[in-house]
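# Geometric and topological summary
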Amino acid sequence: MHFRIQIKNATIVNELRRFVGSIVIDDERIDEIIEGRDGEPSSPVNEIIDAEGAYVLPGVIDTHVHFRDPGLTAKADFFSESKAAAAGGVTTVFDMPNTVPQTTTMQAFNEKWETAKHKSLVNFGLFYGATGGNAYELERLNPRKVCGIKLFMGSSTGNMLVDNERTLRAVFEHARLPIVAHCEDTPTIEANLKACQAAYGADPDVCHHPEIRSAEACYKSTALAVSLAKEYGSRLHVAHLSTERELELFEAGNPLITAEACVAHLLFTDKDYARLGTRIKCNPAIKTEADRAALRRALADGRITTVATDHAPHRLRDKVGGCVKAASGMPMLQYSLVSMLELVDEGVVSIERMVELMCHAPARIFRIENRGFLREGYKADIVIVRPHTPWTVTPSRIQSLCNWSPVEGHTYHWRVERTFCNGFPIYNRGHITDERYHGQPVSFCR
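Residues numbered from 1 in each chain as written. Predicted model: local features only at pLDDT ≥ 70, side-chain atom pairs only at ≥ 80, totals over all residues. Heavy atoms only, no water.

### Points about the packing of aromatic side chains
The full count for this structure, using the stated rule, is 14 aromatic pairs. Pairwise contacts between aromatic rings join Phe67, Phe78, Phe109, Trp113 and Phe124 into one cluster. The ring of tryptophan 113 has lysine 145 sitting right over it, with the charged end atom 4.5 Å from the ring centre. It is arginine 245 that lies over the ring of tyrosine 219; its NZ or CZ is 3.6 Å from the centre. (Phe/Tyr/Trp six-rings, centres within 6.5 Å; stacked < 30°, edge-to-face > 60°. Lys NZ or Arg CZ within 6 Å of the ring centre and 35° of its normal.)

### As for the nonpolar core
Membership of the largest hydrophobic core comes to 104 residues, with the highest contact counts inside it found for Leu57, Leu236, Ile304, Leu337 and Met354. Look past the residues within four positions of methionine 354 in its chain and what remains in contact with it is Leu57, Leu337, Met340, Leu341, Val344 and Val349. (Core = buried A, V, L, I, M, F, W, Y, C linked by side-chain atoms within 4.5 Å. Buried < 20%, exposed > 50% of the residue type's maximum accessible area, 1.4 Å probe, protein only. Contact = heavy atoms within 4.5 Å.)

### Looking at empty space enclosed by the protein
Scanning all chains against the criterion turns up four cavities of 30 Å³ or more. Of the volumes computed, that of the largest cavity is approximately 70 Å³. The class makeup of the residues in the lining of the largest cavity is five nonpolar, three polar and one charged. (1 Å grid on protein atoms, 1.4 Å probe; cavity = no way out; pocket = protein on both sides within 12 Å on 5 of 7 lines; lining within 4 Å. Points joined across faces, edges and corners; volume = space filled by probe spheres on them. Nonpolar A, V, L, I, M, F, W, Y, C, P; charged D, E, K, R; others polar.)

### Thoughts on the layout of surface pockets
Gaps between atoms show up when a probe of the same size as a water molecule is rolled over them. Taken as a whole, the second largest pocket holds about 450 Å³ of empty space. The wall of the second largest pocket is formed by 23 residues, among which Arg235, Pro255, Thr258, Arg364 and Ile365 lie closest to the centre. A total of six residues in the lining of the second largest pocket trace back to one element, the largest contributor, which is helix H11 (residues 351–366). Taken together, the residues that form the lining of the second largest pocket break down as 10 nonpolar, five polar and eight charged. (Helix = DSSP H or I, 4+ residues; strand = E, 2+ residues; numbered from the N terminus.)

### A few points about the sheet that holds strand E7 (residues 90–95)
Strand order in this open sheet of eight strands is E6-E7-E8-E9-E10-E11-E12-E13, and the pairing throughout is parallel. The strands lining the two open edges of the sheet, one partner per strand, are strand E6 (60–65) and strand E13 (306–308). If you compare each strand with its neighbour and ignore which way they point, the axes differ by 30° on average. Where strand E10 (residues 179–182) and strand E11 (residues 236–238) come together, three bridges link them in parallel fashion. Along E11, the bridge assignment pairs alanine 181 with valine 238. (Pairing = 2+ DSSP bridges. Axes fitted to C-alpha atoms, helices over the stretch in contact; angles between N-to-C directions.)

### Things to note about the environment of valine 355
Residue position: valine 355 is located in helix H11. Judged by its relative accessible area of 1%, valine 355 falls in the buried class. The spacing of valine 355 and glycine 59 is 296 residues in sequence and 9.2 Å in space, taken between C-alpha atoms.

### Notes on the pattern of salt bridges
Scanning the model with the defined rule gives 32 salt bridges in all. A salt bridge links arginine 4 to glutamate 32; its shortest N-O distance comes to 3.3 Å. Taken as a pair, arginine 4 in strand E1 (residues 4–14) and glutamate 32 in strand E3 (residues 29–35) lie far apart in primary sequence, 28 residues in all. Salt-bridge contacts for lysine 119 lead to aspartate 77; the nearest nitrogen and oxygen are separated by 3.5 Å. Here aspartate 77 lies in the loop between E6 and helix H1 (78–87) and lysine 119 lies in helix H2 (residues 106–119), a separation of 42 residues in the sequence. What you see here is one network of salt bridges that share partners, running through Arg4, Asp26, Asp31 and Glu32. (Salt bridge = Lys/Arg side-chain N within 4 Å of Asp/Glu carboxyl O.)

Now the structure itself:
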């Protein structure tokens, strides 16, 4: 027996259009999209949700998260962070490989896959990590199952730093999947750190973080990645651009070389270190107002192709210290959509373009099958958001296991009202509806 839900009288935003209408969900999929108020479905429904005054969007696809599972689950795991995703209108996440063990072998990949299948409340994909020793194996990865290859070209832990030119060339030559690159030049960072420590001591205040992980370090590494991608014809997606100068390396409409902006770099500037300290310490560093302004402009002009979070939860005690001792990363997954909707209200980007950046483009770039768009026959990954509904971020609202956020105390005026994952109403007005529900592994059309 099919269970049918009609969401009616909402403003539907999809594929650069907005219109008042209805969406009919039939089990896991979108069965009908009906334009006009009080639309009549072709066959009876079991439940009607009148979303008058609200907006219906495709579920957000965040292609850059660190759920810490396995091996670092004191900070987070697939269960806790997928709850944060659902509460934030995020229905699909792509998890990064720097866990314990690192996701750099098929055994580790398959074990993490099984963990995610049994713990994640939302849909998921997994990156495979490039190392100095596995470059020649990359061409054998299953293109239907692996979302992409994560390449750390900047300072990293363990054996995941790949900065040897010969190895880099092997990665770009043998990769058959999208390469998502973290671009910061390690020798530049090390020289900057040495100079900063000479001036300010062994653990400089976090306000010096953007001097150490500088704009120069970002540009030098990003330029190298773009150059190699052009030479080998690789599919390159550069993660978390943080500088105005890096944007010079990208052009709108290039399907092979694209760029991601993270919400933190769109919200904060180096002036916010005085207020928020290490809560906004991340790699690459939050930089200047001019850099933020340039990134915001690039959202609209097409040089930035996707928006993600680099969601990286740490315990607050791990954030104590300065540039050296404090951990880098922040939890933003639950608040990415409402933060971007604030930028819509500020006129930074239209809501249609925001949906392109957070839903359509991730699906298109990674060739996700039957997700990312509101289309008949597609999986019913849907979020209902309501404007003019103020609420304030408090610890009691935070779903992430770490139980803090850099936006604590901030009042938003958009609210995520409901989230549907594969047609299932996983989140409803402040509550996860069923913690036993499991999302699905996504598949790719390659």
